[in-house]
Amino acid sequence: MFLPKYPDSPTPPPANTHTPTEMAPVRRSLPSVSLDQKTVMALVVGGVVLTGLLAAVAVTAISVAVAAVVLRSMLRDHHRR
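How each quantity is defined
Residues numbered from 1 in each chain as written. Predicted model: local features only at pLDDT ≥ 70, side-chain atom pairs only at ≥ 80, totals over all residues. Heavy atoms only, no water. Helix = DSSP H or I, 4+ residues; strand = E, 2+ residues; numbered from the N terminus. Areas by Shrake-Rupley, 256 points an atom, 1.4 Å probe, with all protein chains shown as cover. Patch = residues over 30% accessible without salt bridge, like charges linked within 9 Å, V, L, I, M, F, W, Y side chains within 5 Å. Salt bridge = Lys/Arg side-chain N within 4 Å of Asp/Glu carboxyl O. Polar contact = N/O pair within 3.5 Å; in protein donor to acceptor, adjacent residues only side chain to side chain.

S.K.: Explain the overall build of the protein chain residue by residue, including any values.
M.R.: Scanning the protein chain from terminus to terminus reveals one helix and zero strands. Here the protein chain has roughly 8,900 Å² of accessible surface; of this, 68% comes from carbon and sulfur atoms.

Take a look at the structure:
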């Protein structure tokens, strides 16, 4: 039968374990943005263009849905005859 080998004089675990302290995160400042008249105008024009595109997509989707309902109704009437 095999017996495990133990060290002659076991050393106790250290009482104080050293945990490294975390450094405070460095706050990075954001670059300053100058708001002049050209920047505001570009943002307004971009917003108007994007709103127009969204409205165009919505109108197109509604018209396609209406056309699909009309075609379905016409085909249903055609098959009944």
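S.K.: Residues and numbers for a nonpolar patch on the surface, please.
M.R.: On the surface, a nonpolar cluster with roughly 500 Å² of combined accessible area is contributed by Met41, Val45, Val49, Leu50 and Leu53. For leucine 50, the position within the fold is in helix 1 (residues 37–80).

S.K.: Can you break down the environment of aspartate 36 residue by residue, with the values?
M.R.: Residue position: aspartate 36 is located in the segment before helix 1. A distance of 2.6 Å separates a polar atom in the side chain of aspartate 36 from a polar atom in the side chain of threonine 39.

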